[in-house]
There are 2 protein chains.
Amino acid sequence: MTSWDQVAKDFVQYYYHVFDTNRELGPLYSAQSMCTFEGQPFQGAEAIVQKIKSLPFQTVRHDVKTYDAQPAFADPLNPSSPMGVLVFVNGDVFIDGSTSPVKFAQVFHLKPHPQNPQSYYVYNDMFRLNYG
Amino acid sequence: MTSWDQVAKDFVQYYYHVFDTNRELGPLYSAQSMCTFEGQPFQGAEAIVQKIKSLPFQTVRHDVKTYDAQPAFADPLNPSSPMGVLVFVNGDVFIDGSTSPVKFAQVFHLKPHPQNPQSYYVYNDMFRLNYG
């Protein structure tokens, strides 16, 4: 498994676990983070988490069917620059105990923290439901 | 419309027009480009276009339902560095004249050409069908 696959695997597992438990996802975003949720733009950890927490359901479960990952070098002319990771998730989401899944797709661009390149935060996040 | 929305709009229109016409997408990729197609990785314009051209159908039509775009700065610490654009597409694909759509989702990370930052190429590409 490549290093970016490992980053993606750990991230996907952690992100949806927290989302489905208490939605306390603030630490994964920064003030620079962007989220486009069903076409609506949000900027910064606070606004993004506020949106996530305001979603009108009590319980939610994400069932990740596939995730793909690719490296996105911060500077394409300098391969030794810290590596970002693009993560592309497809799966089903179940709302309030429903047994009828709604398909979703989500993209994350993870960037290494400038002060700690072993650690990543969500720089870009785009989410779409894919209705039947 | 922001500059990255405009880049995304033009790209999406052009990309699927060429895909659905003759699949001659080579000029949009570079030797560094990565494509993950239904989980299978391909590197470089030649391998990527070979894969696209080998897809087992005679005709295809992509019906883009939504596209979202965000800027992905090449260097987050230097906002004047050339801007990459993340493009996230969701839609239906129709194969060989079928009237039954298959849902797809696709992510592109467009990077400015180092010599010509007004022009973009596909650095990252991930594609998934989203079956019924």
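Residues numbered from 1 in each chain as written. Chains lettered and ligands numbered in written order. Predicted model: local features only at pLDDT ≥ 70, side-chain atom pairs only at ≥ 80, totals over all residues. Heavy atoms only, no water.

Caption draft 1: Summary view of the environment of B:His109. Its location among the elements puts B:His109 in strand β5 (residues 102–113). Through-space distance from the C-alpha of B:His109 to that of B:Ser33 is 9.6 Å; in sequence the pair is 76 residues apart. Excluding residues that lie within four positions of it along the chain, B:His109 makes contacts with A:Ala72, A:Leu86, B:Ala72, B:Val85, B:Leu86, B:Tyr121, B:Val122, B:Tyr123 and B:Asn124. Here the side chain of B:His109 touches B:Asn124 through a polar contact of 2.8 Å, side chain to side chain. (Helix = DSSP H or I, 4+ residues; strand = E, 2+ residues; numbered from the N terminus. Contact = heavy atoms within 4.5 Å. Polar contact = N/O pair within 3.5 Å; in protein donor to acceptor, adjacent residues only side chain to side chain.)

Caption draft 2: Quick look at the side chain of B:Asp68. Relative to the helices and strands, B:Asp68 is located in strand β3 (residues 60–73). A relative accessible area of 4% places B:Asp68 in the buried class. Among the polar contacts made by the side chain of B:Asp68, one reaches the side chain of A:Arg128 at a distance of 2.8 Å. Leave out the neighbours within four places in its chain, and B:Asp68 touches A:Thr36, A:Gly39, A:Met126, A:Arg128, B:Leu86, B:Val87 and B:Phe88. (Buried < 20%, exposed > 50% of the residue type's maximum accessible area, 1.4 Å probe, protein only.)

Caption draft 3: Seen up close, the relation of the copies chain B and chain A. Under the fitted operation, chain B is carried onto chain A by 0.0 Å of movement along the axis and a turn of 180°, and the coordinates agree to an RMSD of 0.0 Å. Classification of the inter-copy transformation places it as that of a two-fold axis. Most of the interface of chain B is mirrored in chain A, where 100% of its interface residues again form contacts. (Least-squares fit on C-alpha atoms with pLDDT ≥ 70 in both.)

Caption draft 4: How the structure looks around helix α1 (residues 3–21) of chain B. All names here are of chain B. For α1, built from 19 residues, the straight-helix expectation of 27 Å at 1.5 Å per residue is met to within 8% by its first-to-last C-alpha distance of 27 Å. Looking at α1, one finds that the buried residues are Val7, Ala8, Phe11, Val12, Tyr15, Tyr16, Val18 and Phe19. For α1, the arc enclosing every buried residue in end-on projection is 155°, short of the 170-degree limit, so these residues lie on one face. For α1, the exposed residues set more than 90 degrees away from the buried face come down to Gln13, His17 and Thr21. At the C-terminal side of α1, Arg23 shows a positive phi close to 60°. (Expected span 1.5 Å × (residues − 1). Arc of directions from axis to C-beta.)

Caption draft 5: Representation of unusual backbone geometry within the structure. Residues and elements named next belong to chain A. If you check the backbone angles, Arg23 has positive phi at about 60° while not being a glycine. Residue position: Arg23 is located in the loop between α1 (3–21) and β1 (29–37). With relative accessibility at 10%, the residue Arg23 sits in the buried group.

Caption draft 6: Representation of empty space enclosed by the protein within the structure. Residues and elements named next belong to chain A. One pass over the full model with this rule turns up one cavity of 30 Å³ or more. The volume enclosed by the largest cavity comes to roughly 30 Å³. Lining of the largest cavity is provided by Tyr15, Phe19, Tyr29, Cys35, Phe37, Ile52, Gln106, Asp125 and Phe127. Put simply, the parts of the chain that give the lining of the largest cavity at least two residues each are α1, β1 and β6 (116–130). Looking at the lining of the largest cavity, the element that brings in the most residues is β1, giving three residues. In terms of residue class, the lining of the largest cavity is built from seven nonpolar, one polar and one charged. (1 Å grid on protein atoms, 1.4 Å probe; cavity = no way out; pocket = protein on both sides within 12 Å on 5 of 7 lines; lining within 4 Å. Points joined across faces, edges and corners; volume = space filled by probe spheres on them. Nonpolar A, V, L, I, M, F, W, Y, C, P; charged D, E, K, R; others polar.)

Caption draft 7: Broad picture of the packing of aromatic side chains. What the rule picks out here adds up to 21 aromatic pairs over all chains. Ring plane angle 55° and centroid distance 5.8 Å describe the contact between B:Tyr16 and B:Phe104, whose orientation is recorded as tilted. Taken together, the residues span a long stretch of sequence, with B:Tyr16 in helix α1 and B:Phe104 in strand β5 at a distance of 88 residues. Of the two residues, B:Tyr16 and B:Phe104, neither departs from the other in class, the shared state being buried. In textbook terms, an aromatic cluster arises when at least three aromatic residues are bridged by ring pairs, as seen for A:Phe11, A:Tyr15, A:Tyr16, A:Phe19, A:Phe37, A:Phe104, A:Phe108 and A:Phe127. The ring centre of A:Phe94 lies 4.4 Å from the NZ or CZ of A:Arg61, which sits over that ring. (Phe/Tyr/Trp six-rings, centres within 6.5 Å; stacked < 30°, edge-to-face > 60°. Lys NZ or Arg CZ within 6 Å of the ring centre and 35° of its normal.)

Caption draft 8: Structural view of helix α2 (residues 45–53) of chain A. Residue and element names in this part refer to chain A. Within the sequence span of α2, burial applies to Ala45, Ile48, Val49, Lys51 and Ile52. Take α2 and look down its axis: the buried residues cluster within an arc of 155°, on one side only. Relative to its buried face, α2 has exposed residues pointing more than 90 degrees away, namely Glu46 and Gln50.

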